[in-house]
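A look at the structure
Single-letter residue listing:
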Amino acid sequence: MPISVERASQSRLPGLDLASVPFSSVFSDHMLVAEYADGAWKDPVIQPYGPLSLVPNISALQYGVSIFEGLKAHRAADDRILLFRPYENARRLNRSSSRLSIPSLPDGFFVNALHELLQVDEAWVPPASIGALYIRPCLFSTDESVRVKPAERFLFVIFTFPFGSYYSTPLDVLVTEKYVRAFPGGTGDVKPAGNYAPCLVADQEAHDLGFATVMWLDGVHHRYIEECGVMNVFFVVQQGNNTKVITPDLGGTILPGVTRDTTLQLLRDMEMPIEERRIAIDEVLGLHASGELIECFGTGTAATISHIRRIRYRDQDVLLPPVEDRTIGPRARERLVAIMTGHAPDPHGWTYEVCSQPLAA
Ligand code: COI
């Protein structure tokens, strides 16, 4: 599908201090918009970033027929623009589409669209010393029927924004027993917008008590750790001379994070034993009591690898060693950022270079 380009008459970039721009506060000059109607995707266009004209009865607004992805582009020291594992996001968007009765994009379109949009807004990718360009592809229904039924009209939109970091300090997290994020048969393993709104109250209550976010337990037993805020979660355990990493296994309720998968591979590359399995909150308390729990961190596109400092469960606090005394999480993070920014070899072929040449037809 050829993508047409309508350039903004003026860029908003000159004079902007990218180093001081908070997450999702300033958006790049252009966005990509493609429409699905009459059974086909058509007319993708890169146009100036701005409002869309929509009526209030669309099923994205009424029934949450809306899915999204998140990925990043980095600027390497030699100015190459590198996307990180975009094909994984394309695959996950398709899985979300199937789950929400949304048509999938034509083969190859997702990555081509990113490629072309980034060529137009290449200047918005900040230097690696500042951060990255966050890319938000979203696909939602513009069906105007209020009848509850699979929709027939959709928009696929990609917008982007530069950012430094999502979390700036190690996190204190509160284990919630009052709310659940996902349950068997639900949508926890895909990315509908509707996964996020019901979590806001939990986060707000945690903030009110001085925590950065919540740690989610499973929706059946309220006992097994699933995720942490908008991140997958990892624990590092040291038993005698042996160190291992444990993380909840994907059982249909946990988001298969691209950063989760990447971190697992980086840990394997470091020859770190890994257990992907159910982890009860009592096990974490026990490991902490015996001094064997030495690190905890979350992974996500926005969060990269973010260290967790304290976990509160009921009236018990799991206080983890200072980040300066940790080795596994910081090493994995350093390695990840080095690959993402082209500072280290990329043995797994994760980076995708957006060159300034047009894509071959
Ligand atoms: C991401 O990490 O990219 C996410 O999608 C989580 C989020 C900021 C909602």
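Going by the structure above, here's the rest.
This section reports on the structure supplied with the text. (Residues numbered from 1 in each chain as written. Predicted model: local features only at pLDDT ≥ 70, side-chain atom pairs only at ≥ 80, totals over all residues. Heavy atoms only, no water.)

1. Here we look at the nonpolar core
Put simply, the rule reads: To form a nonpolar core, buried Ala, Val, Leu, Ile, Met, Phe, Trp, Tyr and Cys residues must be joined to one another through side-chain atoms within 4.5 Å. In this scheme, a residue with accessible area under 20% of its type's maximum is buried, one over 50% is exposed, and one in between is partly exposed, where area comes from a 1.4 Å probe on protein chains only. To qualify as a helix, a DSSP run of H or I must reach at least 4 residues; to qualify as a strand, a run of E must reach at least 2; elements of each kind are numbered from the N terminus. The criterion used for residue contact is that any of the two residues' heavy atoms lie within 4.5 Å.
Formed by 40 residues in total, the largest nonpolar core has its most connected members in Leu 32, Leu 83, Phe 110, Ile 135, Leu 139 and Phe 156. Here this core takes eight residues from helix 3 (residues 109-120), the largest share from any one element. Once you skip the residues sitting within four places of it in the chain, Phe 110 turns out to touch Leu 71, Pro 86, Asn 89, Ala 90, Leu 93, Leu 105, Pro 137 and Phe 156. Membership of the second largest hydrophobic core comes to 25 residues, among which are Val 173, Val 237, Leu 293 and Val 318.

2. Points about the site of the ligand
Just so we agree on the cut-off: A cutoff of 4 Å decides nearness: a residue is near a molecule or strand if any of its heavy atoms lies inside that distance of it. In the analysis that follows, any N or O atom pair within 3.5 Å is treated as a polar contact, provided that within protein one partner can donate a hydrogen and the other can accept it, and provided that, for residues neighboring in sequence, both atoms belong to side chains. Shrake-Rupley sampling with a 1.4 Å probe provides the accessible areas, and residues are treated as covered by the protein chains on show and by no other component. Three residue categories are used. Nonpolar comprises Ala, Val, Leu, Ile, Met, Phe, Trp, Tyr, Cys and Pro, charged comprises Asp, Glu, Lys and Arg, and polar comprises the others, including Gly.
Taken together, Phe 68, Gly 70, Tyr 134, Arg 136, Tyr 166, Lys 191, Tyr 196, Val 230, Thr 301 and Ala 302 form the complete shell of residues around the ligand. In this structure, an oxygen atom belonging to the ligand sits 2.7 Å away from a side-chain N or O atom of Lys 191. Here the ligand has 280 Å² of accessible area as a free molecule, and 89% of this is covered by the chains. Residue composition of the shell around the ligand, by class: six nonpolar, two polar and two charged.

3. Some thoughts on unusual backbone geometry
If you check the backbone angles, Ser 24 has positive phi at about 55° while not being a glycine. One can find Ser 24 in the loop between strand 1 (4-5) and strand 2 (30-37). Classification of Ser 24 as partly exposed rests on a relative accessible area of 33%. Of note, the phi angle at Ser 101 is positive, near 55°, even though the residue is not glycine. In this structure, Ser 101 sits in the loop between helix 2 (86-99) and helix 3. Residue classification places Ser 101 among the partly exposed residues on the basis of a relative accessible area of 43%.

4. A short note on the environment of Val 258
Within the secondary structure, Val 258 sits in helix 5 (residues 258-269). Residue class for Val 258 comes out buried when judged on its relative accessible area of 10%. C-alpha separation for the pair Val 258 and Pro 44, spaced 214 residues apart in sequence, amounts to 26 Å. Other than its neighbours up to four places away in sequence, Val 258 contacts Arg 85, Glu 88, Asn 89 and Arg 92.

5. Topic: the packing of aromatic side chains
Threshold: Between the rings of Phe, Tyr and Trp (Trp by its six-membered ring), a pair exists once the centres lie within 6.5 Å; its type follows the angle of the planes, with under 30 degrees stacked, over 60 edge-to-face, and the other angles tilted.
The final tally for this structure, using the stated rule, is 18 aromatic pairs. Both rings, one in Phe 23 and one in Phe 163, keep their centres 5.0 Å apart while their planes meet at 85°; by these two values the pair is edge-to-face. Of this pair, Phe 23 sits in the loop between strand 1 and strand 2 while Phe 163 sits in strand 8 (residues 154-163), and the two are 140 residues apart along the sequence. By relative accessible area, which is 2% here, Phe 163 ends up buried. Summarising the aromatic geometry, the rings of Tyr 134 and Phe 163 are spaced 6.0 Å apart at their centres and angled 85° between planes, so their arrangement reads as edge-to-face.

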